[in-house]
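One-letter residues, chain by chain:
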Amino acid sequence: MATATHTPTSSIAPARARRFLIVSADDLGLAGEVDRAVERAHREGVLTSASLVACGATAEGALALARRNPELGIGVHLTLVGERALLPHARLSHLTDGEGRLPRGHGEFARRFLTGGIPLAEVEAELEAQVGRVRDSGIRPTHLDGHQHLHLLPGVLGAVLRLARRHGIAALRLPLGPGDPWWRGRLHASLGTRLAGLLAARAVRRSGLVHPGRVLGIADTGRLDGERIRRLAEGIPEG
């Protein structure tokens, strides 16, 4: 998934308000095809940021990619579903199955976590390990965000903010609109996700972290093409 984040800049704008755009890609480290696309988009295009899945199938190659492209900002795409955890099952006996795999999707994780089936301590330990793997490879993360936006869940958000402070990470991405109408039925553009983002923004600011003013393109996950990117970029308001 590629997203565009827009940050207000009124304090430094000259007579005409300016627009600042970060073009970012998610899922670096999930698959070789994704990794190759990210590197090409950075070297030949306008991609300046990527979020790395430290427990992804191609994470080791993605970390090498990040080291050979030092101008590519690397965030940690905190992952609690769909992959194999970094920590062993013995330490994550509620979060992972016997083979060390995380829950299959956001729905399963949210149900179990919000009903007390997954201890927050296990969640925080696994997320710490994911950030630690990136840092231990010699990369200083520029930001944090969450796979399937699970970093917005009550409790998980607090753990993520503590993680950011421990590692000196100053920015957190939140799914703040506008964007396409929530009634299109796509998870990442749902009203619930946007409301969670707005509530999370208050906690992020209270913690002294920063977040982009807007995130564009989430509703187009999996179908972003040149025309959609052009339309999104042209729609960014001044200031």
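Residues numbered from 1 in each chain as written. Predicted model: local features only at pLDDT ≥ 70, side-chain atom pairs only at ≥ 80, totals over all residues. Heavy atoms only, no water.

1. Structural notes on the nonpolar core
Working step 1: Core analysis: the biggest nonpolar cluster contains 52 residues, and Phe109, Leu144 and Leu172 have the highest contact counts within it.
Working step 2: Contributions of two or more residues to this core are made by strand E2 (21-28), strand E3 (49-52), helix H2 (59-68), strand E4 (73-78), helix H3 (106-114), helix H4 (120-136), helix H5 (156-167) and helix H6 (191-206).
Working step 3: Discounting residues that sit within four places of it in the chain, Leu144 has contacts with Val76, Leu78, Val131, Val160, Leu163, Ala164, Ile169, Ala171, Leu172 and Arg173. (Core = buried A, V, L, I, M, F, W, Y, C linked by side-chain atoms within 4.5 Å. Buried < 20%, exposed > 50% of the residue type's maximum accessible area, 1.4 Å probe, protein only. Helix = DSSP H or I, 4+ residues; strand = E, 2+ residues; numbered from the N terminus. Contact = heavy atoms within 4.5 Å.)

2. A look at H3
Working step 1: Within H3, the full set of buried residues consists of Phe109, Ala110 and Phe113. Around the axis of H3, the buried residues are gathered within 95° of arc, so they sit on the same side.
Working step 2: For H3, the secondary structure elements touched by its buried residues are H4 and H5.
Working step 3: Count one or two residues on from H3 and you reach Gly116, which has phi positive near 85°. (Arc of directions from axis to C-beta.)

3. Things to note about the packing of aromatic side chains
Working step 1: Counted under the stated rule, the structure contains one aromatic pair.
Working step 2: Look at Phe109 and Phe113: their rings are 5.5 Å apart centre to centre, the planes differ by 10°, and that puts the pair in the stacked class. With Phe109 and Phe113 both in helix H3 and four residues apart, this pair spans about one turn of that helix. Each member of the pair, Phe109 as well as Phe113, carries the same accessibility label: buried. (Phe/Tyr/Trp six-rings, centres within 6.5 Å; stacked < 30°, edge-to-face > 60°.)

4. Notes on the environment of Ser49
Working step 1: Here Ser49 lies in strand E3.
Working step 2: On a C-alpha basis, the gap between Ser49 and Ser24 in space is 4.5 Å, while along the polypeptide they are 25 residues apart.
Working step 3: Setting aside anything within four residues of it in sequence, one finds Ser49 in contact with Ile22, Val23, Ser24, Ala25, Leu72, Gly73 and His143.
Working step 4: Side-chain polar atoms of Ser49 contact the side chain of Ser24, separated by 3.3 Å. (Polar contact = N/O pair within 3.5 Å; in protein donor to acceptor, adjacent residues only side chain to side chain.)

5. Topic: the environment of Ala196
Working step 1: Here Ala196 shows up in helix H6.
Working step 2: Considering only alpha carbons, one finds Ala196 and Leu176, 20 residues apart in sequence, at a separation of 9.1 Å.

6. A short note on the side chain of Glu122
Working step 1: Along the polypeptide, Glu122 turns up in helix H4.
Working step 2: Summary of buried charges: Glu122 has no salt-bridge partner, and the nearest side chain of opposite charge, Arg112, is 7.0 Å away. (Lys, Arg positive; Asp, Glu negative; His and termini not counted. Salt bridge = Lys/Arg side-chain N within 4 Å of Asp/Glu carboxyl O.)

7. A closer look at the packing of H4 against H5
Working step 1: At their nearest, the axes of H4 and H5 sit 10 Å apart, and the two run at 35° to each other. Considering only the axes of H4 and H5, their crossing is right-handed. Of H5, the residues touching H4 (which contributes Leu120, Val123, Glu124, Leu127, Glu128, Val131 and Arg135) are Val156, Ala159, Val160, Arg162, Leu163, Arg166 and His167.
Working step 2: Taken together, the residues of the contact of H4 with H5 break down into eight nonpolar, one polar and five charged. (Axes fitted to C-alpha atoms, helices over the stretch in contact; angles between N-to-C directions. Left-handed = near helix turned anticlockwise from the far one by under 90°. Nonpolar A, V, L, I, M, F, W, Y, C, P; charged D, E, K, R; others polar.)

8. Quick notes on the pattern of salt bridges
Working step 1: Enumeration according to the criterion identifies 14 salt bridges in this entry.
Working step 2: Note that Arg112 and Glu108 form a salt bridge whose closest N and O atoms lie 3.2 Å from each other. One end of the pair is Arg112 and the other is Glu108, both in helix H3 and four residues apart, which spans about a single turn.
Working step 3: According to the relative accessible area criterion, Arg112 is partly exposed, its value standing at 28%.
Working step 4: Three or more residues are tied together by salt bridges with common partners; here these are Glu124, Glu128, Arg162 and Arg166.

9. Remarks on helix H1 (residues 32-44)
Working step 1: Relative to the 18 Å expected for 13 residues at 1.5 Å per residue, H1 spans 18 Å between its end C-alpha atoms, a close match to the ideal helical length.
Working step 2: Looking only at H1, the buried set comprises Asp35, Val38, Glu39 and His42. The buried residues of H1 occupy an angular sector of 95° when projected down its axis, which confines them to one face. H1 presents Glu33, Arg36, Arg40 and Glu44 as exposed residues on the side facing more than 90 degrees away from its buried surface.
Working step 3: Tucked inside the fold, the buried residues of H1 contact E2, E3 and H2. (Expected span 1.5 Å × (residues − 1).)

10. Notes on the environment of Pro141
Working step 1: Looking at where Pro141 falls in the secondary structure, it is placed in the loop between H4 and strand E5 (144-146).
Working step 2: Considering only alpha carbons, one finds Pro141 and Gly75, 66 residues apart in sequence, at a separation of 4.9 Å.
Working step 3: Apart from residues no more than four positions distant in its own chain, Pro141 is found in contact with Ile74, Val76, Val134, Arg135 and Ile169.

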